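Observations on the three-dimensional arrangement
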Amino acid sequence: MKKIFNILSSLLIGAILLAACGGAAEETPVSVESAEPVAKEPETTSEEVEDEDGFKVAFVYVAPIGDLGWTWAHDQARLQLEEELGVETAFVEMVPEGPEGERVIRDFAMKGYDLIFTTSFGYMDATVAVAEEFPDTQFVHISGYKQTSNSSSVFGRMYQPRYLSGLVAGASTKSNIIGYVAAFPIPEVIRGINAFTLGVREVNPDAEVRVVWTNTWFGPPEEKEAADALLAAGADIIAQHQDTTEPQKAAADAGALSIGYDSDMAQFVGDTVLTSPVWNWSVKYIEIAEQVIAGTYDGSESYWGGMDEGVVALAPLSDRVSAETAALVEEKSAAIISGDWDVFCGPLVGANGNIVVGDGKCLDDGSMLGMDYWVAGVKGEVPGEAPGEAAGLPDLEGRVITIAVENAYLPFNYIDVATGEPQGWDYDAMEEICKRLNCELDWQEFGWDTMIQAVSAGQFDMATDGITITAERDENADFSDGYIATEQRMLVRLDEDRFSTSDEFAADPNLIFGEQVGTTNYDTAVTLVGEDRVIAFDDFGITVQALIAGDVDGVVIDETAGQGYMGENADLVTLIGDSLSSDWLGFIFPTGSDLVAPINAALQSMKDDGSLNDINARWFGADFVLDYDNIGCGAYCGSDYDGTLGSADDPIQVLFVPSVDIDFMISSGDMIETGLKAATGLTFNVSVPTSYAATIEEMCASPTNTIGFIPAMGYVLGNSLCGVEPALASERYGWNVYWAEFLVARDSDYKTLKDLEGASWAYPDASSTSGFLFPTALFDELGITVGEKIEAGGHSAAVKAVYNGEADFATAYFSPPLLPEGTWAIGDAPDIPDEMIEECAVNDKDRLYCGAYRVLDARSSIREEAPDVVQKVRILDISSEIPNDTMSFSPDFPEALKTAVIDGITFYVGTEACAETFCNENFYDWTATGPIADENFDGVRLLMAAQGISLENIGE
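Now for a quick tour of the structure. Starting afresh in each chain, residues are numbered from 1 along the sequence in its written order. In keeping with the model being predicted, local features are shown solely for residues with a pLDDT of at least 70 and side-chain atom pairs are shown and tallied solely at 80 or more, while totals for entire chains, interfaces and linings include all residues. To get the side-chain values, all heavy atoms of the structure are used, and hydrogens and water are removed first.

Secondary structure elements are defined from DSSP: runs of H or I of at least 4 residues count as helices, runs of E of at least 2 residues count as strands, and each element is numbered from the N terminus. Along the chain, Ser-318 falls in the loop between strand 12 (312–314) and helix 11 (323–338). A polar contact of 2.8 Å, which involves the side chain of Ser-318, links it to the backbone oxygen of Asp-271. What makes two residues a contact is simply this: any of their non-hydrogen atoms within 4.5 Å. Residues contacting Ser-318, with those up to four places away along its chain left out, are Asp-271, Val-273 and Leu-274. Contacts described as polar in this section are N or O atom pairs within 3.5 Å, which, within protein, must combine one atom able to donate a hydrogen with one able to accept it, while residues neighboring in sequence count only if both atoms come from side chains.

Written out as structure tokens, the structure reads:
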């Protein structure tokens, strides 16, 4: 489309660029291709290919590429992919895990990339969500465990070179203290630490590995601080699971040695780095790309490759490593590569002294992938058991029990964003226990970090929260009997008599397992009997039904889930065989608590009568699908603010300007209040004033307690009138800007904006940026004098005026359509292609589509009452870009509350509950949020000044 708005563009260009960048350039992820204006190109770019229909591959990185480390290793594979296959690639670096990650993944998919690699554990749910929207695109997630038909999971057995590096470290330490700087306590990291420690202890049984968590993947300052602390505690070797060389540098500066990770860190630090477990992603990435191009790739693959396939390896040893140690490393490496031996083979002893794996046996993949305990030699929390004897059921005579609960731990306890109600396994189990013991429950939200200490000190009578029973914890507190075991068992038909153990099952070639595809249970079954004897199903419910029907002979299943299915089908199925682990969860009490015995008795009675199985079935079965994106923040809500604002007696006032479906907006108020309370812990009162101007006036009249969702011109008016401050800008489908659109009847003779001379004009409101300010400025620039002006009372009403023939043209907001391929770009035609017009209709999901084009501009706001709106109303033209609408604070809103509100709204926008309220098409249609600053609106200010617009004369 021809650009005709030179004056508007020049006025707004500075503001728009600031809005698009959203802050300092070094903090902004930048892609080689972007739907938004960007401040700079990335340091590394991919070669453009002449054939626009060529195969395109995208990469989403969690950290900067740099010169080495996790992201660098992935980028080396990207470059090799380009070189060997000649495909086009693109990447975005420093993409945060969460909503921003999902936005970047979706943006690549919308641009038509054929294969998308997402390279951090925290992208898992976002990858699956976007994959379901784009079934023709192949997604590959690194390190996760969820798959769909077009979203695979890929990882490597890094524990193998970790073990080898442990041999080196154990033979090299003099102090027998080895420090380990670790990212997050997830199975991947724990497994690596355990493997490393097994290597250390094999050559040096007196050595110990001390772990410090940074809770970062890429955090140079945190990594250095952790390494310094370990060195100060006597460590003379530092190992790590991080993404920079800071731990290695800290060790070298202190005269100590180190073990690197991801890539050969000796290249940058020197020979004090004894070796590094390294990644070679190109091996798998090239294979996947070739298979996707050929149409032969298993789109739901769950891959875990080892040293034998070259995905993981050990970097060359430093000259400081002895020849004897080097020979041992070579010997063990050969055994691993040949398949004759692997790291987690028995005898394997846990840090609590338990025999985890007996002599001659090895852990299966499922047990390794879910590892959450330390082996002997690691200093930290270790698992343990505290079984108790069942007692009678005493009467607690109405006793009130105070329970610490974080309300943020699925599926044990959480606040449902949609209802605001606490729910979870803990609530159901404890309510049943108190029903049997005659007691009352007083749930008190409390953070996990100090929960166990608080219970030990007697601050609470007990805590629930899915706490693992460990020997260390048991020294300072008492535990109940274990109520859930984290292990795998075999589920079979009740009348099964052909086998009683997994070994007997494996020995009979006629027996078949049924498993849910993409689970660790599936992997365990394949390990036991081979892939040819495992039938994959989409979910556990179908799998168990196949077992009951006799289509399969057994199901490997988590014991807790298995107990749930036994509870539902006690006359049909049962669990048999030994478990793979014995890690138990229990309730924790102050030492000597008199509640332990009665609660143990109640638990035993629930096990005996099957009621515990019933509860387990509800919360650990296949029907429970809630994720962390749709629960509140529980004990982590709120801020340090000690005033009354945000309490039930003094709620925060939330104002929405009446710009779309007013009835829908008003009816959403209660749901928004509930969702924001769950997300922040604060109380809100939602209202929709009668106009834009009324919204601004109310914000200024209530300067200490109000937030407003207001458009650009509304913000400028509020800022000028009383100092309203911006906090968040909306994003819609990747755009942080929008446009004014000029709508006319499809059968009208209007060709250009100048044809509107003397025509009657319906506009939403005189305070509307897109519906009034920009059109007015444009008419002045072009010398157009319109005819009758009709203030319609909202964008929907303005569109309706043209649809009903009540006005010659209307102005409203324009959001770009979602295209079947690629992304709409500035300069493209704003309307739907002519050949698609007759296909426009509302689908079964209440969305307006024209063929494969999804309509998102103001016409879609009347799709329910006028599904043929596109057939009758067309877009004549659009304006230059406008900064998106904002969430803003009233001028004296307490500073101490602002972060909690901003974080809460940012979280809420990513939930399903928001999709039913102001994230809905009938409301504001927000898909994400971003930063915004006052200077982003300077262009709008200039336009308003040129028009002489103020709150007093608006609409005149």
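Structure's up, so let's keep going.
The next thing to look at is helix 13 (residues 425–437). Any helix carries an expected span of 1.5 Å times its number of residues minus one. Helix length check: helix 13, at 13 residues, gives a terminal C-alpha distance of 18 Å against a target of 18 Å (1.5 Å per residue), a fit within 8%. In the segment just after helix 13, Asn-438 is the residue with positive phi, at about 60°.

The next thing to look at is the packing of helix 25 (residues 712–722) against helix 31 (residues 938–947). Two numbers describe a pair of packed helices, the interaxial angle and the distance between the axes. The contact between helix 25 and helix 31 brings their axes to 10 Å, and the two run at 80°. The angle between the axes of helix 25 and helix 31 places the two elements in the roughly perpendicular class. Contacts between helix 25 and helix 31 pair Ala-712, Met-713, Tyr-715, Val-716, Leu-717 and Asn-719 from the former with Val-940, Arg-941 and Met-944 from the latter. Taken together, the residues of the contact of helix 25 with helix 31 sort by class into 7 nonpolar, 1 polar and 1 charged. Note on geometry: axes are lines fitted to C-alpha atoms, helical ones only across the stretch in contact, with angles between N-to-C directions running from 0 to 180 degrees. Working rule for angles: under 35 degrees goes down as roughly parallel, over 145 as roughly antiparallel, 65 to 115 as roughly perpendicular, anything else as oblique. For this classification, Asp, Glu, Lys and Arg are treated as charged, while Ala, Val, Leu, Ile, Met, Phe, Trp, Tyr, Cys and Pro are nonpolar and the rest, including Gly, are polar.

Quick look at helix 25 now. Here's how the labels work: a residue is buried when its accessible area is under 20% of the maximum for its type, exposed when over 50%, partly exposed in between, all with a 1.4 Å probe on protein chains only. Looking at helix 25, one finds that the buried residues are Ala-712, Met-713, Gly-714, Tyr-715, Val-716, Leu-717 and Gly-718. Backbone geometry just after helix 25 places Gly-723 at a positive phi near 90°.

Before going further, it helps to examine the environment of His-795. Among the secondary structure elements, His-795 is positioned in helix 27 (residues 795–803). Residue classification places His-795 among the buried positions, given a relative accessible area of 3%. Sequence separation between His-795 and Ser-770 is 25 residues, and the spatial gap between their C-alpha atoms is 9.5 Å. Apart from the residues lying within four places of it in its own chain, the contact partners of His-795 are Ser-659, Tyr-692, Pro-764, Ser-768, Ser-770, Gly-771, Ala-812 and Tyr-813.

We now examine the nonpolar core. With 95 residues, the main nonpolar core has Phe-108, Leu-115, Phe-196, Trp-279, Trp-281 and Phe-344 as its most contacted residues. Among the elements that line this core, the one with the most residues is helix 6 (residues 187–203), at 7 residues. When residues no more than four places from it in sequence are discounted, the contact partners of Leu-115 are Phe-55, Lys-56, Val-57, Ala-58, Gln-138, Val-140, Ile-288, Ala-289 and Val-292. Note on terminology: a nonpolar core comprises buried Ala, Val, Leu, Ile, Met, Phe, Trp, Tyr and Cys residues joined through side-chain atoms within 4.5 Å. If you look at the next biggest cluster of nonpolar residues, it comprises 94 residues, including Leu-682, Ala-777, Val-802 and Ile-949.

Right, let's talk about empty space enclosed by the protein for a bit. Grid spacing is 1 Å over the protein atoms alone, the probe is 1.4 Å, and a cavity is where that probe fits but cannot get out, while a pocket is an open set with protein on both sides within 12 Å along at least five of seven lines and lining residues have an atom within 4 Å of a point. Grid points are joined across faces, edges and corners, and a volume is the space filled by probe spheres set on the points. Tallied over the full model, the rule gives 5 cavities of 30 Å³ or more. The volume enclosed by the largest cavity comes to roughly 280 Å³. Among the residues making up the lining of the largest cavity, the classes are represented as 9 nonpolar, 7 polar and 4 charged. Taken as a whole, the second largest cavity spans an internal volume of roughly 150 Å³. When grouped by side-chain class, the residues that make up the lining of the second largest cavity number 7 nonpolar, 4 polar and 3 charged.

Our focus in this paragraph is the environment of Ser-149. Inspection of the secondary structure assignment puts Ser-149 in the loop between strand 4 (138–142) and strand 5 (151–156). Residues Ser-149 and Val-128 lie 21 residues apart in sequence; the distance between their C-alpha atoms is 9.8 Å. If we skip the residues at most four places from it in the chain, Ser-149 touches Gly-299 and Ser-300.

The definition used for a disulfide is geometric: two cysteine sulfur atoms within 2.5 Å. Under the criterion given, the structure shown has 5 disulfides. Each sulfur of the disulfide joining Cys-345 and Cys-362 lies 1.9 Å from the other. Classification of the bridge connecting Cys-345 and Cys-362 rests on its S-S torsion, roughly 100°, and on that basis the disulfide is right-handed. Remark: Cys-362 occurs in the loop between strand 14 (355–357) and helix 12 (365–369) and Cys-345 occurs in the loop between helix 11 and strand 13 (348–349); sequence separation between them is 17 residues.

Of all the 5 residues making up strand 8 (residues 237–241), 5 are buried; the element is thus mostly covered by neighbouring parts of the structure. Residues Ile-237, Ala-239 and His-241 of strand 8 are buried on one face, and the alternating residues Ile-238 and Gln-240, pointing to the opposite face, are buried as well. Where strand 6 (residues 177–182) lies against strand 8, 5 bridges are found, and the strand directions are parallel. Bridge pairing in strand 8 places Gly-179 opposite Ile-238. One requirement defines pairing of two strands: DSSP has to find at least two bridges between them. Here 2 bridges tie strand 8 to strand 9 (residues 257–258), and the two strands are oriented parallel to one another. Each residue of the ladder has a partner; that of Ile-237, found in strand 9, is Leu-257.

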